[in-house]
Amino acid sequence: MAVTIKEVAKLAGTSAAAVSATLNGSRSKNIRVGQVTRERIYAAAAQLGYLSNPVARSLATGKSKVIGVMLPYVEAFTDHNPFCAQVTNGILQEVVRRHYNLMLYTGAWMNGAQSAMMVDSRVDGVILVLPQPDSPVFLKCESRHIPYVSILRDQLAGTWTVNSDDYEGGRLATDHLIRQGHRRIAHFLGDDNVSTTIPRMEGYKAALRAAQMPIDSSLIFKAGFDWRGGYASAQALLSMPNGTRPTAIFAANDLCAEGAMRAFREAGRSIPEDLAIVGYDDTWFATMTQPTLTSVRMPIEEMGALAVQMLVDRVEGRDVPEHHPVLPVSLTVRASCGAKRAETPPDNAIHAFINEDNHHVK
């Protein structure tokens, strides 16, 4: 016999209405369930094996208990892009914790434009990962009254976004290379359509200015966020005359950095002896390169989880006081920059923080 709401309420020591509001959703504004009570209800439901009826719940509440996630391209569903894999993991863990389900979408590209045809009202809300600035998905969500939260997007009025401190990340990476004695530092720029690109470059420039070093536009290469762009930019760097060639690179992300290292290896150069390099993201991928990669750590999984928290609060009618949270970054030092290093395990469970004394920088 199926477990009833009344049985869950008895075990949890609360009312059937509170159980119904927690497990099935409720349109009533008169029912408020605190977080401690909610967790007690979830525990009682799990102990008794209570299963809600999603069809009945949807009819009663107008809510599907489904969160949509739109990733920017098909490859984002694979390990071709460690950032997308890690942010999806953070999203999934928080969706499960909040007792929602997940529906995956991808931003399809047709004739150079991103399609929003797949976004529909079967979801209570959508998380948009790396959305293009002019994506039609924003208008589609707004016209259908579908709440959304973006991960990595410019902070615009009337929107909800989760970002990390890319300006500080660019400054940290460049300042670390300066402290290693480098005076000609290249920056491999990301994609113009991604909101992280300009802040990282501005952080790079700020570190140079703070060290009273010139900003040389010939040392800024448009590389993008994949290994091919890093590889091509490194080849262009290698073709520069002796004496003008930089001795260090701050790359747009870890994939871009790996492309640069590959080009240098093929040219018979050694890293970090001939070139120091710092990447960005600090996913598991940074521990697999040869040599292992110094990288700015973004709190990627935390960003995914926070986006879910904000979206669920919007869906369930709670206030979201901070529309544009910006999470802090740090620097993990490994072999690619030539500094003394503290290795981190592949799951990024431990991260090094740098200071001048022990070579771990925050």
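Further up the page is the structure itself.
Keep in mind the model is a prediction, meaning the values are calculated, not measured.

1. Some words on the pairing of strand E7 (residues 161–164)
So, step 1. With burial as the criterion, each face of E7 is covered, one bearing Thr 161 and Asn 163 and the other bearing Val 162 and Ser 164.
So, step 2. Two strands pair when backbone bridges link them, and strand E6 (residues 148–151) and E7 are joined in this way by two bridges, in the parallel orientation. Residue pairing in the sheet places Ile 151 in a bridge with Val 162 of E7.
So, step 3. As judged from the two bridges shared by E7 and strand E13 (residues 326–327), these two strands associate in the parallel manner. Bridge pairing in E13 links Asn 163 to Val 326.

2. Details of the pairing of strand E11 (residues 276–281)
So, step 1. For E11, the tally of buried residues reaches six of six residues, placing the bulk of the element in the interior.
So, step 2. Bridge count for strand E10 (residues 248–251) against E11 is three bridges, and the pairing is parallel. In the strand pairing of E11, Ile 249 is matched with Ile 277.
So, step 3. As paired elements, E11 and strand E12 (residues 294–297) share four bridges and run parallel to each other. In the sheet register, Tyr 280 faces E12, and the bridge partner there is Val 296.

3. Here we look at the sheet that holds strand E14 (residues 330–332)
So, step 1. Here six strands make up an open sheet; going across it, the order is E9-E8-E10-E11-E12-E14 and the pairing mixed. Sheet topology places strand E9 (220–222) and E14 at the edges, where each strand pairs with a single neighbour. The sheet shows a mean angle of 20° between the axes of neighbouring strands, taken without regard to direction.
So, step 2. In the packing of helix H9 (residues 227–238) onto the sheet, contacts are made with strand E8 (185–189), E9 and E10, and the angle to E8 comes to roughly 145°.
So, step 3. Docked against the sheet, helix H10 (residues 254–266) engages E8, E10, E11 and E12, running at close to 155° with respect to E11.

4. Section: the packing of helix H1 (residues 5–12) against helix H3 (residues 35–48)
So, step 1. Where H1 contacts H3, the two axes come as close as 9 Å, and the packing angle between them is 120°. Relative to H3, H1 is oriented oblique. Considering how the two elements wind past one another, H1 and H3 form a crossing that is right-handed. Here Glu 7, Val 8, Leu 11 and Ala 12 of H1 lie close against H3, whose contacting residues are Arg 40, Ile 41, Ala 44, Ala 45, Gln 47 and Leu 48.

5. Regarding unusual backbone geometry
So, step 1. Ile 271 connects to Pro 272 through a cis peptide bond whose omega is 10°.
So, step 2. Look at the link from Gln 290 to Pro 291: it is a cis peptide, with omega at -5°.
So, step 3. Tracing the sequence through the fold places Pro 291 in the loop between E11 and E12.
So, step 4. Even without glycine at this site, His 145 takes up a positive phi of about 60°.
So, step 5. Mapped onto the elements, His 145 comes out in the loop between helix H6 (137–143) and E6.
So, step 6. Of note, the phi angle at Gln 212 is positive, near 60°, even though the residue is not glycine.

What counts as what
Residues numbered from 1 in each chain as written. Predicted model: local features only at pLDDT ≥ 70, side-chain atom pairs only at ≥ 80, totals over all residues. Heavy atoms only, no water. Buried < 20%, exposed > 50% of the residue type's maximum accessible area, 1.4 Å probe, protein only. Helix = DSSP H or I, 4+ residues; strand = E, 2+ residues; numbered from the N terminus. Pairing = 2+ DSSP bridges. Axes fitted to C-alpha atoms, helices over the stretch in contact; angles between N-to-C directions. Contact = heavy atoms within 4.5 Å. Parallel < 35°, antiparallel > 145°, perpendicular 65-115°, else oblique. Left-handed = near helix turned anticlockwise from the far one by under 90°.

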